[in-house]
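Residues per chain are reported as follows:
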Amino acid sequence: MAKESEAPGKSLQRGFAILRALAEAGGEGAKLIRIAETTGLTQATVHRLLQALLAEGVVEQDGRSRLYRLGIDFFALAARAGNPGNLRDLCRPVLQRLSAMLGDTVFLLVRSGFDAMCLDRCEGPFPIRSFTGDIGGRVPLGVGQGALVILAFLPEAEREEVIRFNVPRLVGQGFMDEVYLRAEMAKARETGFAARRDFVLPGMGGAAVPILDRDGRAVAALSIGTISERLGEDRLPTVVEILKREATAIGPRLNPFDPALRRPAQSLGSAARGG
């Protein structure tokens, strides 16, 4: 039987086997030994091919955990080859429709590491203050309705990692403690939305629902910001129902290879160039 290094024309095939193994591992990634077990290749062969894939940017390695995962260049290539629509373009008509229908400012938030970033917003007639501010603004996951529902609907392992990292940031800024944060997340998972009035920003209120991908993972959030009196018990259920309906329609249309879902700043650059 020929050795792996002697088999001609196998490197490309083995490289794709590694990419498939990383795709199956998901966003968390996988260690070299697990990739070798999944692909049936030797650890030496996997290491050699991983180094080549790292050099091309289609694979990346976490500096702390040493786990390998698919890199941003892989997703960017897939996005260009597949559906050209991106999250901002997909949601822009939705934001405009919601703002006109509800008469409030509507936000599109996406996860960016341990933060939530405002990818787009559509102004309503009422002057408001928001946690994220303008497009490109960011807050720690957990602060504000949109950032809270994204955090609440992340897979448990990711959610716990974010909580460990963000709780000291939140407490330091006077927002909340861990007990309160966990209670609010549990409420959001149970009801499917988050809503607050006069929390940190007096006179301001907001409501948000998650946008879930095909795997039920929160990748973004639709959120409205308005004055507190417009989110009373009589109006809130209607607002939430409308937001949920739009978010449910967006989910199946998401391009899983959209770089904005992994690197939202790239979409901000595209938006600035394209209007």
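Note that the structure is a prediction, hence the values are computed from the model and not measured.

Asks: It is not clear to me how the overall build of the protein should be interpreted in this structure. Could you clarify?
Replies: From N to C terminus, the protein includes ten helices and eight strands. Burial status across the protein gives 51% buried among its 275 residues. Considering only contacts within the protein whose residues lie at least 6 apart along the sequence, 58% involve residues at least 24 apart. Here the protein displays about 13,700 Å² of accessible surface, and carbon together with sulfur accounts for 54% of that area.

Asks: Just to check I follow, could you spell out the environment of G40 for this structure?
Replies: As for its position among the elements, G40 is in the loop between helix 2 (32–39) and helix 3 (43–56). Along the sequence, G40 and A17 sit 23 residues apart, while their C-alpha atoms lie 9.4 Å from each other.

Asks: Help me understand the packing of helix 1 (residues 11–25) against helix 3, please; the structure alone is not making it clear to me.
Replies: If you want to describe how two helices pack, look at the angle between their axes and the distance between the axes. In the contact formed by helix 1 and helix 3, the axes pass within 10 Å of each other and the chain directions differ by 85°. Viewed along their axes, helix 1 and helix 3 adopt a mutual orientation that is roughly perpendicular. Facing helix 1, whose interface residues are S11, R14, G15, I18 and L19, helix 3 presents T45, V46, R48, L49, L50 and L53. Per-class residue counts for the contact of helix 1 with helix 3 are six nonpolar, three polar and two charged.

Asks: Before we go on, may I ask you to explain the sheet that holds strand 5 (residues 138–140) in this structure?
Replies: The strands that make up a sheet are held in pairs by hydrogen bonds between backbone atoms, and each pair lies either parallel or antiparallel. As summarised here, the arrangement of the six strands in space is 5-4-3-8-7-6, forming an open sheet in which the pairing is antiparallel. Either end of the sheet is taken by a strand with one partner, and the two such strands are strand 5 and strand 6 (194–197). Taking each pair of neighbouring strands and ignoring which way they run, the sheet shows an average axis angle of 25°. Pairing analysis gives nine bridges linking strand 7 (residues 204–212) to strand 8 (residues 218–227), with the strands arranged antiparallel. Paired with L212 across the strands is A218, a residue of strand 8. Each of strand 3 (105–112), strand 4 (115–122) and strand 8 is contacted by helix 5 (residues 87–102), which is oriented at about 60° to strand 4, the strand it contacts most. Seen against the sheet, helix 6 (residues 145–152) touches strand 3, strand 4, strand 5, strand 6, strand 7 and strand 8 and runs at an angle of roughly 155° to strand 8.

Asks: In this structure, what is going on with the pairing of strand 7? I would like to understand it.
Replies: On a regular strand, one side chain projects to one face of the sheet and the next to the other, so that they alternate. Among the nine residues of strand 7, eight are classified as buried, and the element is accordingly described as predominantly covered. Relative to strand 7, strand 6 runs antiparallel, the two sharing four bridges. Across the sheet, residue R196 finds its bridge partner in strand 7, namely G206. Counted along the chain from strand 7 to the antiparallel partner strand 8, the turn is five residues long, and its residue G216 has a positive phi close to 80°.

Asks: How should the pattern of salt bridges be read in this particular structure?
Replies: Between side chains of opposite charge, a pair can form when the charged atoms approach closely. If you walk through the whole model with that rule in mind, you get 17 salt bridges. E160 is the partner of R182 in a salt bridge, and the nearest nitrogen-oxygen pair spans 2.8 Å. You can see R182 sitting in helix 8 (residues 178–191) and its partner E160 sitting in helix 7 (residues 156–172), a full 22 residues away along the chain. What makes R182 partly exposed here is its relative accessible area of 31%. For the salt bridge of R182 with E178, the shortest nitrogen-to-oxygen distance reads 2.9 Å. One end of the pair, R182, and the other, E178, are both in helix 8, four residues apart, so they sit about a helical turn from each other. The network of salt bridges with shared partners includes E60, D62 and R69.

Asks: Just to check I follow, could you spell out unusual backbone geometry for this structure?
Replies: Leaving glycine aside, a negative phi is the common case for residues, and trans is the common case for peptide bonds. Backbone geometry places R66, a non-glycine residue, at a positive phi of 65°. For R66, the location among the structural elements is in the loop between strand 1 (59–61) and strand 2 (68–70).

Asks: Mind showing me how you'd approach the pairing of strand 3 here?
Replies: The buried fraction of strand 3 is high, at eight of eight residues. Residue alternation in strand 3 divides its side chains into two sets, T105, F107, L109 and R111 and V106, L108, V110 and S112, and both sets are buried. Note: strand 3 against strand 4, seven bridges, orientation antiparallel. Bridging across to strand 4, F107 finds its partner in R121. The turn joining strand 3 and strand 4, which pair antiparallel and follow one another in sequence, is formed by two residues; a positive phi near 65° is taken by G113.

Asks: Explain the packing of aromatic side chains here, please?
Replies: Describing an aromatic ring pair means giving the distance of the ring centres and the angle of the ring planes. Applying the stated criterion to the full structure yields one aromatic pair. Aromatic pair F114 and F165: ring centres 4.0 Å apart, planes at 20°, arrangement stacked. Pair noted here: F114 is in the loop between strand 3 and strand 4 and F165 is in helix 7, with a separation of 51 residues, a long-range link. You can call F114 partly exposed: its relative accessible area is 22%.

The rules behind the values
Residues numbered from 1 in each chain as written. Predicted model: local features only at pLDDT ≥ 70, side-chain atom pairs only at ≥ 80, totals over all residues. Heavy atoms only, no water. Helix = DSSP H or I, 4+ residues; strand = E, 2+ residues; numbered from the N terminus. Buried < 20%, exposed > 50% of the residue type's maximum accessible area, 1.4 Å probe, protein only. Contact = heavy atoms within 4.5 Å. Areas by Shrake-Rupley, 256 points an atom, 1.4 Å probe, with all protein chains shown as cover. Axes fitted to C-alpha atoms, helices over the stretch in contact; angles between N-to-C directions. Parallel < 35°, antiparallel > 145°, perpendicular 65-115°, else oblique. Nonpolar A, V, L, I, M, F, W, Y, C, P; charged D, E, K, R; others polar. Pairing = 2+ DSSP bridges. Salt bridge = Lys/Arg side-chain N within 4 Å of Asp/Glu carboxyl O. Phe/Tyr/Trp six-rings, centres within 6.5 Å; stacked < 30°, edge-to-face > 60°.

Bear in mind that shape data such as this cannot, by itself, settle questions of function.
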